[in-house]
Amino acid sequence: MRILLFVFLTAANPCFADLSSPEAQLRTFANCAGRLTAQLEFEWLMLDGNSAATQEQRQQIVDILNSMIPDGRGREVLAWRTDARAAQRGLLERAQFASDNTDAAWAKKAAARYLASCTAFLLS
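Residues numbered from 1 in each chain as written. Predicted model: local features only at pLDDT ≥ 70, side-chain atom pairs only at ≥ 80, totals over all residues. Heavy atoms only, no water.

Caption draft 1: Representation of the pattern of salt bridges in the model. Counted under the stated rule, the structure contains 4 salt bridges. For the salt bridge of Glu 41 with Arg 85, the shortest nitrogen-to-oxygen distance reads 2.5 Å. With a gap of 44 residues between them, Glu 41 in helix 2 (residues 22–45) and Arg 85 in helix 4 (residues 74–97) connect regions that are remote in the sequence. Of the residues examined, Arg 85 reaches a relative accessible area of 30% and is grouped as partly exposed. Two residues, Arg 73 and Glu 76, come together in a salt bridge whose shortest N-O distance is 2.5 Å. Classification of Glu 76 as partly exposed rests on a relative accessible area of 35%. When salt bridges with common partners are traced through the structure, they connect Glu 23, Arg 73 and Glu 76 into a single cluster. (Salt bridge = Lys/Arg side-chain N within 4 Å of Asp/Glu carboxyl O. Helix = DSSP H or I, 4+ residues; strand = E, 2+ residues; numbered from the N terminus. Buried < 20%, exposed > 50% of the residue type's maximum accessible area, 1.4 Å probe, protein only.)

Caption draft 2: Local environment of the nonpolar core. Counting residues in each nonpolar core, the largest one holds 18 residues, and the members touching the most others are Phe 29, Ile 61, Leu 65, Val 77 and Phe 121. Ranked by the residues each element gives to this core, the list is headed by helix 2, at 7 residues. Ranked by size, the runner-up nonpolar core spans 6 residues in total, among them Phe 42, Leu 91, Ala 110 and Ala 111. (Core = buried A, V, L, I, M, F, W, Y, C linked by side-chain atoms within 4.5 Å.)

Caption draft 3: Molecular detail of the packing of helix 4 against helix 5 (residues 101–119). Packing of helix 4 against helix 5 leaves a shortest axis separation of 7 Å and a crossing angle of 140°. Between helix 4 and helix 5 lies a crossing of left-handed hand. In contact with Gln 88, Leu 91, Leu 92, Arg 94 and Ala 95 of helix 4, helix 5 contributes Asp 103, Ala 104, Trp 106, Ala 107, Lys 108, Ala 110, Ala 111, Tyr 114 and Leu 115. Among the residues forming the contact of helix 4 with helix 5, the class breakdown is 10 nonpolar, 1 polar and 3 charged. (Axes fitted to C-alpha atoms, helices over the stretch in contact; angles between N-to-C directions. Left-handed = near helix turned anticlockwise from the far one by under 90°. Contact = heavy atoms within 4.5 Å. Nonpolar A, V, L, I, M, F, W, Y, C, P; charged D, E, K, R; others polar.)

Caption draft 4: Structural view of the packing of aromatic side chains. Taken as a whole, this structure holds 1 aromatic pair when the rule is applied. A centroid spacing of 4.7 Å and a plane angle of 40° characterise the contact between Phe 29 and Phe 121, whose relative ring orientation is tilted. One end of the pair, Phe 29, is in helix 2; the other, Phe 121, is in the segment after helix 5, with 92 residues separating them in the sequence. Here Phe 29 and Phe 121 have matching classes, each one buried. Looking at Arg 35, its charged tip hangs above the ring of Tyr 114, at a distance of 3.7 Å from the centre. (Phe/Tyr/Trp six-rings, centres within 6.5 Å; stacked < 30°, edge-to-face > 60°. Lys NZ or Arg CZ within 6 Å of the ring centre and 35° of its normal.)

Caption draft 5: Spotlight on the environment of Ala 111. Within the secondary structure layout, Ala 111 lies in helix 5. For the pair Ala 111 and Leu 91, spaced 20 residues apart in the sequence, the C-alpha separation amounts to 5.9 Å. Residues within four places of Ala 111 in sequence aside, it is in contact with Gln 88, Leu 91 and Leu 92.

This is the structure:
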């Protein structure tokens, strides 16, 4: 069932067209887990009421990711997650605290696009 859903999503959305290989899928879900972790932490920090929904989305992505990790690749996948988390955190901080409104708006849109591409994998 998951495979059929994944095939449907990748075919229906051109943003995911490059996920034809297991390696690309693994890296994408690792990046999504990292980005959603950063989003969740930022929501906790800013006392955002949406954190419960983000926490659920993050857990779903992490569950999918954990089912995909080949033996011996855990550290590498964790490094990808950590890098994506740092990148997303940077965008969120820039969106919240940048003194240049244009820069802040760009960062906010970029952060939202990354999250949207990740949550598109999930069914509500």
